[in-house]
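Structural features, examined
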Amino acid sequence: MAIEIDTSAFTEEAYELLSELEDSLLELEENPTDQDLIGRVFRAMHTIKGSGAMFGFDEVAEFTHEVETIFDLARNGTIPVTKVLIDLTLAARDHIRALLDAAAGGDEADKVEAQRIIDGLRALDPSNSDQPAAAKAAPAAKKGAKAKDEDGPQLFRIRFKPHPEIFANGTNPLLLLGEVTDLGETRVVTHHEALPELEALDPEQCHVSWEIFLTTEEGENAIEDIFIFVGEDCEVNIRALDQEEELTTSPQKLGDILVQRGDIAPGILEDALKPIGDRLIASGAVSQSKVKAALEEQKAVKQKRDQKKKQESATSIRVPSDKLDNLVDLVGELVTVQARLNQISSTRDNHDLQVIAEEVERLTGELRDNTMSIRMLAIGSTFNKFKRLVRDLSKDLGKEIEMTTEGADTELDKNVIDQLNDPLVHIIRNSIDHGVEGPEERVANGKPAQGKIHLAAIHSGASVLIRVDDDGAGLNADMLRQKAVEKGTVPPDVELTDKEAYQLIFGAGFSMAKAITNVSGRGVGMDVVRRSIDNLRGTIDVSSTLGKGTSITLKLPLTLAIIEGLLIKVGDELYVLPLAAVEECVELSAGDVANAHGRHVINVRDEIVPYIRLRDRFEVEGTRPEIEQIVISEVNEKRVGFVVDDVIGQHQTVIKSLGSNFEHSEEFSGATILGDGTVALIIDLGKMVRFVESEEEESPE
Amino acid sequence: MAKKIMTVDDSSSVRQMVGLTLKGAGYEVVEGVDGQDALTKLKASPVDMVVTDLNMPNMDGITLIKELRKLPQYKFTPIVMLTTESQGSRKLEGKQAGATGWIVKPFKPPQLLGVIKKVLG
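Keep in mind that this is a model prediction, so the values were computed, not measured.

Rules and cut-offs
Residues numbered from 1 in each chain as written. Chains lettered and ligands numbered in written order. Predicted model: local features only at pLDDT ≥ 70, side-chain atom pairs only at ≥ 80, totals over all residues. Heavy atoms only, no water. Helix = DSSP H or I, 4+ residues; strand = E, 2+ residues; numbered from the N terminus. Contact = heavy atoms within 4.5 Å. Areas by Shrake-Rupley, 256 points an atom, 1.4 Å probe, with all protein chains shown as cover. Buried < 20%, exposed > 50% of the residue type's maximum accessible area, 1.4 Å probe, protein only. Pairing = 2+ DSSP bridges. Axes fitted to C-alpha atoms, helices over the stretch in contact; angles between N-to-C directions. Core = buried A, V, L, I, M, F, W, Y, C linked by side-chain atoms within 4.5 Å. Patch = residues over 30% accessible without salt bridge, like charges linked within 9 Å, V, L, I, M, F, W, Y side chains within 5 Å. Salt bridge = Lys/Arg side-chain N within 4 Å of Asp/Glu carboxyl O. Phe/Tyr/Trp six-rings, centres within 6.5 Å; stacked < 30°, edge-to-face > 60°. Polar contact = N/O pair within 3.5 Å; in protein donor to acceptor, adjacent residues only side chain to side chain. Parallel < 35°, antiparallel > 145°, perpendicular 65-115°, else oblique. Left-handed = near helix turned anticlockwise from the far one by under 90°. Arc of directions from axis to C-beta. pLDDT = per-residue confidence, 0-100. Nonpolar A, V, L, I, M, F, W, Y, C, P; charged D, E, K, R; others polar.

**A few points about the overall build of chain A**
Helix and strand counts for chain A come out as 24 helices and 21 strands. Long-range pairs, those at least 24 residues apart, make up 68% of the contacts in chain A between residues at least 6 apart in sequence. Roughly 38200 Å² of accessible area belongs to chain A as shown, and the carbon and sulfur atoms make up 51% of that amount.

Now the structure itself:
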């Protein structure tokens, strides 16, 4: 019989647990005594280990077991949560990930690294225990191998009431009791009240139950393991008695125990408990209505909590992201078809058709917005990843940097978030390496030794701004200019504004690092940032104050699939400009052209704006119209005009990719289908401007 | 006297693995290749415990457990089933049929012995 197991369920869960684990560990670093967090870390590892073993990921299970063993010591307070422990556990988390990747066909995980982590973790164990990996299922083997609990052994109360039919399952309760006594010192109370008279006794049924008081150094898990087979058809209740909350628990519990032990009759308990509210009222301590109100409050809070729990479990479902991509594609098609319907209905004099077309337009719009919002994800999880990056990098470089975030709940299209990761990594690395100075230098400059990096996401219309601020040395515009001239990227006689100089850092091969560190300085990186942000149809803005810090702002569209466009006409062809970049449209008359004496500039309200004539770029034949239109746009913080024959108007643009043949097109980012079925190319303004600039540099006449 | 355990599985490798583990721990082992075969052998000669797979030709493990529980001599004998799922209906189904416990595949010899110790003593 072949054992076929679908492992994807495990790996999916494991990846999720790992990212949770990372978050919890980073949080734990800040609050090292938070028992909740320690518990969360422990549970995540426990689950990975448990399901790993079941799904045949033996290496994952064994490795995780080692880590879990040590973390268990932290959980029960034997060892403190230290930076070293967090470092090692984070490294272990990465290794588990590597193991999973390897199982999925990725590179083989580093065994030396695994050994390093395990050795490091074992060194933290004061008793230096060496538990075998498979000990979990064999409690007997586990016993004694565990480190001594500094807080001393714990007292558990175990109530074990077997189902009368338990023997029919082949279970022998005495063996279970024997196992419990193996765990530590026990006092057992047998409840035989239910035992019938001999004549009525059915020897095939179990009539007795037990209460065991166990003092043990093993945890609750070890006890639960004993009863694993009988959990469903027996009453097994395990409580740690010497935990503080147990000692302050409500008196009913105490009463229950007394009744069960036969110390008092149930009736006496009821009498004792019932009049508590009445007694308070009788003694004049509180009025009847107040007691009632307090009870109501308790009820309401409980109800609300239950509701919340219910809601939490029902508010989200998981859907594979390619299904969503499909849905977005379909909505895109629908928007296109709807545009056609609108066009046709406007040319027919048919009132009924027009009503339907309008209704379809409204529904399509709603459907589009809803679909887009489904793909929106909070950027918080991406931010959390950077916490780890900042922490690790600053440690490597001997810098002290605190990272703060803002707007983690800002939502962006999933695809944008996915593609945003790499550029942000580069920007943050750069800030850590070149921006924030070392502690000595900072103190010498009158700054606090600890540097700051602030990551913020802000909504701004149809865009989201992602800002990375540091309070480091800032950019030196003069040095940037000098460097650019040395490299020959900028001619010596060109005067650049500071803003323009800052943009130089995004040039290919441009590096300001004095020495190449393993973090940055190889001159790759920031040009990658520029390219990625271009691909996302975003823009980059840099501002900086020397000695005070640098701020890099990425402006990104909310979504990649559908944009607001401006439909324009050049010759017989229609094109789309991204509306987000458009500032205004002005006329360009033959007189304006003559005034400029052959230079491609126009005066717009006392500002000289250079322009690009699309007719020339696209080599359109025929004569220009008498009055052309200039679409003034902001491209890379500069105003540039694009001369077109005519501006048609706003257009909902469903973006279709151009396919691999036109992948390297310098001027177009995609295409869209118009209502009448014709195709309009979408112009990539940033790329076009850079392309024209580089052409002019090559032939500077 | 060594306790006698029957291992029932249509896979010879699983039978071998279970058999070697149990013999190594000092138990006497008999084998059944499916539910029907096991039932016939168990009727002929009693054992102290049964370890059975669930998915088998001729007679599956659940039916075997039900059949055994009908026999007076096996009414209280520990029966452990081998399952591939860690949770879910199969385990519950087995328990309802009268299984004492379960072992989730894949398992390692110490796990198997741990479970046997738990139900057989």
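Here the narrative resumes.
**As for the overall build of chain B**
Each helix and strand counted, chain B has 5 helices and 5 strands in total. Listed N to C, the secondary structure of chain B is β-α-β-α-β-α-β-α-β-α in terms of helices and strands. Looking at chain B residue by residue over its 121 residues, the buried ones come to 55%. If you take every contact in chain B between residues at least 6 apart in sequence, the share linking residues at least 24 apart comes to 62%.

**Observations regarding the sheet that holds strand β21 (residues 679-683) of chain A**
Residue and element names in this part refer to chain A. Strand order in the open sheet formed by 5 strands is β19-β12-β13-β21-β20, and the pairing between neighbours is mixed. Strand pairing shows two members of the sheet lacking a second neighbour, β19 (646-654) and β20 (668-673), which therefore form its edges. Pairwise comparison of adjacent strand axes, ignoring direction, gives a mean angle of 35° for this sheet. Bridging between strand β12 (residues 562-570) and strand β13 (residues 573-578) involves 6 bridges; their strand directions are antiparallel. Counterpart to lysine 569 in the pairing with β13 is leucine 574. Contacts between helix α14 (residues 321-347) and the sheet are confined to β12, β19 and β20, with β19 contributing the most and set at about 145° to the helix.

**Thoughts on the sheet that holds strand β2 (residues 28-32) of chain B**
Residues and elements named next belong to chain B. An order of β2-β1-β3-β4-β5 is seen for the 5 strands of this open sheet, with the pairing classed as parallel. Edge positions in the sheet fall to β2 and β5 (101-104), since each of these pairs with one other strand and no more. For this sheet, the mean inter-axis angle between neighbouring strands, taken without regard to orientation, is 20°. Pairing geometry for strand β1 (residues 4-8) and strand β3 (residues 49-53), over 4 bridges, is parallel. Along β3, the bridge assignment pairs threonine 7 with valine 51. Contacting β1, β2 and β4 (79-83), helix α1 (residues 12-24) crosses the sheet at an angle of about 165° to β2.

**Section: the environment of Ala581(A)**
Residues and elements named next belong to chain A. In this structure, alanine 581 sits in the loop between β13 and β14 (582-589). Once the C-alpha coordinates of alanine 581 and arginine 537 are considered, the two residues, 44 residues apart in sequence, prove to be 9.9 Å apart. Apart from residues no more than four positions distant in its own chain, alanine 581 is found in contact with Ile632, Ser633, Glu634 and Leu685.

**Quick look at the nonpolar core**
Residue and element names in this part refer to chain A. Within the largest apolar cluster, 47 residues are counted, with the highest numbers of intra-cluster contacts made by Leu420, Ile466 and Leu554. A per-element tally of this core places helix α17 (residues 414-435) first, with 8 residues. When neighbours within four sequence positions are excluded, leucine 554 is seen to be in contact with Leu420, Leu424, Ile427, Val464, Leu465, Ile466, Ile533, Thr539 and Ile540.

**Quick notes on a nonpolar patch on the surface**
Residues and elements named next belong to chain A. Among the surface-exposed residues, Leu195, Leu198 and Leu201 lie close enough to one another that they form a single nonpolar patch of about 290 Å² accessible area. Relative to the helices and strands, leucine 198 resides in the loop between β2 (184-191) and β3 (209-216). Note on leucine 198: relative accessible area 70%, which makes it exposed.

**Here's the deal with the pattern of salt bridges**
A complete count under the given rule lists 41 salt bridges over all chains for this structure. Ionic pairing is found between Glu67(B) and Lys70(B), a salt bridge with its closest N-O pair at 3.2 Å. A residue pair is termed a helical-turn pair when its members lie 3 or 4 positions apart in one helix, as Glu67(B) and Lys70(B) do in helix α3 (residues 61-70) at 3 residues. Shared partners join several salt bridges into a network, and the residues in it are Glu22(A), Glu29(A), Lys83(A), Asp87(A), Arg93(A), Asp94(A), Arg388(A), Arg391(A), Asp392(A) and Lys395(A).

**Observations concerning the packing of aromatic side chains**
Residues and elements named next belong to chain A. Here the structure, examined in full by the defined rule, presents 5 aromatic pairs over all chains. Each ring, one from phenylalanine 618 and one from phenylalanine 668, has its centre 5.6 Å from the other, and the planes form 35°; the classification is tilted. You can see phenylalanine 618 sitting in the loop between α23 (614-617) and β17 (627-635) and its partner phenylalanine 668 sitting in strand β20, a full 50 residues away along the chain. By relative accessible area, which is 15% here, phenylalanine 668 ends up buried.

**Looking at the side chain of Asp413(A)**
Residues and elements named next belong to chain A. Topologically, aspartate 413 is positioned in strand β7 (residues 411-413). In this structure aspartate 413 comes out as buried when scored by relative accessible area, which is 0%. Within the structure, aspartate 413 has its side chain in polar contact with the backbone nitrogen of asparagine 415 (distance 2.8 Å). Non-local contacts of aspartate 413, meaning those with residues more than four positions away in its chain, are made with Arg375, Met376, Leu558, Thr559 and Leu560.

**Observations concerning the packing of helix α4 (residues 83-103) of chain A against helix α5 (residues 111-124) of chain A**
Two quantities define a packed helix pair, namely the angle between the axes and the distance from one axis to the other. Residue and element names in this part refer to chain A. It is at 10 Å that the axes of α4 and α5 come closest, and there the two elements cross at 150°. Judged on the interaxial angle alone, α5 and α4 are roughly antiparallel. As for how α4 packs across α5, the hand of that crossing is left-handed. Within the contact between the two elements, α4 uses Val84, Leu85, Leu88, Ala91, Ala92 and His95 and α5 uses Glu113, Ala114, Arg116, Ile117, Gly120, Leu121 and Leu124.

**Overview of helix α19 (residues 477-487) of chain A**
All names here are of chain A. Here α19 has its buried residues at Ala477, Leu480 and Ala484. The buried residues of α19 all sit within an arc of 60° when viewed along its axis, so they share a single face. Exposed positions of α19 whose direction lies more than 90 degrees from the buried face are Asp478 and Glu486. Lining the buried residues of α19 we find α20 (498-503). Where α19 starts, the residue carrying a side-chain oxygen 3.1 Å from the main-chain nitrogen of aspartate 478 turns out to be asparagine 476. At the exit of α19 stands glycine 488, carrying a positive phi of roughly 85°.

**Some details on the confidence of the model for chain A**
In the predicted model, chain A carries a mean pLDDT of 79, and the fraction of residues at 70 or more is 85%. Here residues 244-252 of chain A is a poorly scored stretch, pLDDT under 50, and it has 5 contacts once near neighbours within four places are set aside; other chains count.

**Description of α3(B)**
One full turn of an α-helix is made of 3.6 residues, so residues set three or four places apart face in the same direction. All names here are of chain B. Looking at α3, one finds that the buried residues are Gly61, Ile62, Leu64, Ile65, Leu68 and Arg69. Down the axis of α3, the sector holding all buried residues measures 160°, keeping them to one side. Where α3 begins, one side-chain oxygen reaches toward the backbone nitrogen of isoleucine 62, 3.3 Å away; that side chain belongs to aspartate 60.

**Structural notes on the packing of helix α3 (residues 58-75) of chain A against α5(A)**
Residue and element names in this part refer to chain A. Following both chains from N to C, one finds α3 and α5 inclined at 25°, their axes separated by 8 Å at the closest point. Overall, the two elements α3 and α5 adopt an arrangement that is roughly parallel. Along this stretch, α3 crosses α5, giving a crossing that reads as left-handed. Here α3 contributes Glu59, Phe63, Glu66, Val67 and Ile70 to the contact with α5, which in turn contributes Lys111, Ala114, Ile117, Ile118, Leu121, Arg122 and Leu124. In terms of residue class, the contact of α3 with α5 is built from 8 nonpolar, no polar and 4 charged.

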